[in-house]
There are 2 protein chains.
Amino acid sequence: MDLRSEVKGMAKKAKEVSHLLAHLSTDAKNRVLIEMAEALEKNQTFLIEENRKDLAAGEKAGLSSSMIDRLRITPGVIQGMAKGLREISSLPDPVGEIVRMWRRPNGLTVGRMRIPLGVIGIIYESRPNVTADAAGLCLKSGNAILLRGGSEAFHSNLAIVRLLQEALNRVGIPEEVVQIFSRTEREAIQEMLQLEEEIDLIIPRGGEALIRFVATHSKIPVIKHYKGVCHIFVDETADLEMAVKVCLNAKVQRPGVCNAMETLLVHEKIARDFLPKVGKALQQEGVELRGCPETQRILSGVKEAKEEDWYEEYLDLILSIRVVKGIDEALKHIATYGSFHTEAILTSDYKNAQKFLREANSSCVLVNASTRFNDGFELGLGAEMGISTSKLHAFGPMGLEELTTTKFIVYGDGQVRG
Amino acid sequence: MDLRSEVKGMAKKAKEVSHLLAHLSTDAKNRVLIEMAEALEKNQTFLIEENRKDLAAGEKAGLSSSMIDRLRITPGVIQGMAKGLREISSLPDPVGEIVRMWRRPNGLTVGRMRIPLGVIGIIYESRPNVTADAAGLCLKSGNAILLRGGSEAFHSNLAIVRLLQEALNRVGIPEEVVQIFSRTEREAIQEMLQLEEEIDLIIPRGGEALIRFVATHSKIPVIKHYKGVCHIFVDETADLEMAVKVCLNAKVQRPGVCNAMETLLVHEKIARDFLPKVGKALQQEGVELRGCPETQRILSGVKEAKEEDWYEEYLDLILSIRVVKGIDEALKHIATYGSFHTEAILTSDYKNAQKFLREANSSCVLVNASTRFNDGFELGLGAEMGISTSKLHAFGPMGLEELTTTKFIVYGDGQVRG
């Protein structure tokens, strides 16, 4: 079959079964999630063997050791996927929830009922665990899923999906609820992005280049997350001991993720006091510092921060630092260089806390807490599908609710419009 | 200035002032809405004179009398616009609302705060009143607006926007909060649709061709409404007297709008009883009936409904009728031919009412009420910006809330992630 017919055929099947999935009981969905978790655990050897084919190909192709690492399926990774699926089974089912209900003067009772989006396409890079996580979240929220994973994880992804589909079959749910493209050509993505009748939402996960490619070519709505240039502003009245602790956590606890701090903004009135403290703590953890001229005057061992540094998502043990006149300059810096991801203010001042919460234009704004908390699980949404930095439909972590929409329902007794 | 620079320059200004607008007090926004209403009323002569230029050009260009009618600004139309703006001023301000707030085990208090989207582009056809309505809704929801009206209403739209901007100036708000393109080339739309950095949302209003053009060319998210093929299913147990009344209202009260009924589905067990009753009432109102063979057997004066009739949005005094075996066949018909807009069931059966509400996959589903109620004002949202038939972000009427998004806000006292 040619590529176009194959992609379209899969999407059409997904659309068909999505209607059934939309009205599946919570019990049935939870049962299949637990079946899926068990299937992964019971077939550890099969998964690891299939994964070995990808690892061997990856090594031959000269993938970096960090990429090989992300590709590798260990018993621990399998446990993690199974645990994730069980957790999703324990989360409340968003489908069918009546978000609100009110009565109109003419006696109509009007409400908004949560319903699935339909079919969700996920385009992602080479982390096989995304396959199970994304399938679980879509299933629980009543959406059929079309997966298109990175070609480096080809055998691993097919093996995971085969086990998930077997679990679906055992519970009597059509396996087309979870499908994966077996074609790795980039053209398969392009074909997929044209299918606005069959696919309701595209979520690209991975590097900025992939996400921009998808956003440019898609006729289907895309929820995207380009990058996280996250800031902490340490205000004049901050508790400096707490500030050192929070800044350290935001930068070094896991520097390679999108909610790690990339730029530190410090109020000029405390810069001479605070910068040596935080600088020492960060340098002890191996963080390279790049600062504005004022930072360089106060701290030794600091490189010059160039204009492009303020835009940079290092995803590494590097931090840019700027001394600012106060909250207004901090907010202006964030508005100019930020990425709408995560910003925190550390302060003891009530008015500045409220002002920052209101005016920082990002998906998550925190007072006196680490930027690392911008995460679906940490914020209390349960598991997440990614973090959206665009404002339409979802802004911030996307949990189960964000994979649904609402329709209006109306109970009447013969009302007509006058 | 060349077209591209002009369009981009306006969008950049809109983005700049959108930050200010996002934090404007409700009082200030309401004050300017009332100033705007007064400005329209006080300058009736100016508006009617400017409108006359469009009417003259339209007549010269041979516009149909119904198009000339929609284009015409009368004292009544001006009153309507002013009333609309005053109503928007009396609606609750969605910006800053904390939608929900909860506490995490580690003591973090997490909430979701409503914020504006930023800059909204509206592309619409030749009804000058849309200019004032859209500007008012965007202003109240804290969004800057870029208007691109139909070229037939060129002078009328410029005149309305000039008055709105003067009102903004009087209250000390930058007039760039409401801008209109003075270039009528189609290329201006195409340039606008590229500006994903400056514009957050595009709402096209008008014919299906315009909307498809926008959806195909836009890099910016689009909320769209293609058409309303609305159904009423009259179940076996319906109160037939009420059913006649509701069907008549849904078809003839205002046949040219998107929430009017286009197809009537009738349960076979009551068809012989119900069709003559409803057929007579509809035919008395001048409705042309097109039916399935069974309908034709029961009712006289009914044309044959062809396959394409079931897809048709007549927007006229025409109705297609099909006799079905029951609720499942009705839902299947709607899933095949429907447009995700509005569906109603008329029934006395509890189980079928609940089943239909759940399974009809449209933006508004009603029991025992006219489809004409799918309207922002009628459902209790206040004024509306249009009705979305796509599921992302907004599904159904878009009121002020649908012109906003939420960000996460977090109150901590030094929490770090472990």
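Conventions used here
- Residues numbered from 1 in each chain as written.
- Chains lettered and ligands numbered in written order.
- Predicted model: local features only at pLDDT ≥ 70, side-chain atom pairs only at ≥ 80, totals over all residues.
- Helix = DSSP H or I, 4+ residues; strand = E, 2+ residues; numbered from the N terminus.
- Buried ≥ 20, exposed ≤ 12 C-beta atoms within 10 Å, placed from the backbone.
- Axes fitted to C-alpha atoms, helices over the stretch in contact; angles between N-to-C directions.
- Parallel < 35°, antiparallel > 145°, perpendicular 65-115°, else oblique.
- Contact = placed C-beta atoms within 7 Å.
- Nonpolar A, V, L, I, M, F, W, Y, C, P; charged D, E, K, R; others polar.
- Pairing = 2+ DSSP bridges.
- Least-squares fit on C-alpha atoms with pLDDT ≥ 70 in both.

I keep staring at unusual backbone geometry and nothing clicks. Help me out?
Glycine aside, the phi torsion of most residues is negative, and most peptide linkages are trans. Even without glycine at this site, A:Asn368 takes up a positive phi of about 50 degrees. Among the secondary structure elements, A:Asn368 is positioned in strand E13 (residues 364-369). You can call A:Asn368 buried: it has 22 C-beta atoms within 10 Å. In this model, B:Leu315 sits at a positive phi of 55 degrees, which is unusual for a non-glycine residue. Topologically, B:Leu315 is positioned in the loop between strand E10 (303-304) and strand E11 (318-324). With 14 C-beta atoms packed within 10 Å, B:Leu315 lands in the partly exposed category.

I would appreciate a short explanation of the packing of helix H5 (residues 75-90) of chain A against helix H6 (residues 128-140) of chain A in the present structure.
Working note: a packed helix pair is described by the angle between its axes plus the distance between those axes. Residues and elements named next belong to chain A. H6 packs onto H5 with a crossing angle of 10 degrees between their chain directions and a minimal axis gap of 9 Å. Taken together, the axes of H5 and H6 lie roughly parallel to each other. Along the contact surface, H5 presents Val77, Gly80, Met81, Gly84, Leu85 and Ile88, while H6 presents Asn129, Ala132, Asp133, Gly136, Leu137 and Lys140. The class makeup of the residues in the contact of H5 with H6 is 6 nonpolar, 4 polar and 2 charged.

It is not clear to me how the sheet that holds strand E4 (residues 144-148) of chain A should be interpreted in this structure. Could you clarify?
Each strand in a sheet pairs with its neighbour through backbone hydrogen bonds, running either in the same direction (parallel) or in the opposite one (antiparallel). All names here are of chain A. The parallel open sheet is built from 4 strands, whose spatial order is E5-E4-E3-E6. Two strands lie at the open edges of the sheet, namely strand E5 (178-180) and strand E6 (201-205), each paired on one side alone. Strand-to-strand twist across the sheet, computed as the mean angle between neighbouring axes with direction ignored, equals 20 degrees. Bridging between strand E3 (residues 119-124) and E6 involves 5 bridges; their strand directions are parallel. Paired with Ile122 across the bridge in E6 is Ile203. Across the sheet, helix H7 (residues 154-171) lies against E4 and E5, angled at about 155 degrees from E5, the strand it touches most.

Please explain the relation of the copies chain A and chain B as it appears in this structure.
Superposition of the two copies of the chain requires a rotation about an axis and a shift along the axis. You can overlay chain A on chain B at an RMSD of 0.0 Å; the transform is a turn of 180 degrees with a shift of 0.0 Å along its axis. Taken together, the turn and the small shift mark the pair as related by a two-fold rotation axis. For chain A, the minimum C-alpha distance to the rotation axis belongs to A:His393 and amounts to 1.9 Å. A shared interface surface links the copies, since 100% of the contact residues of chain A are contact residues in chain B too.

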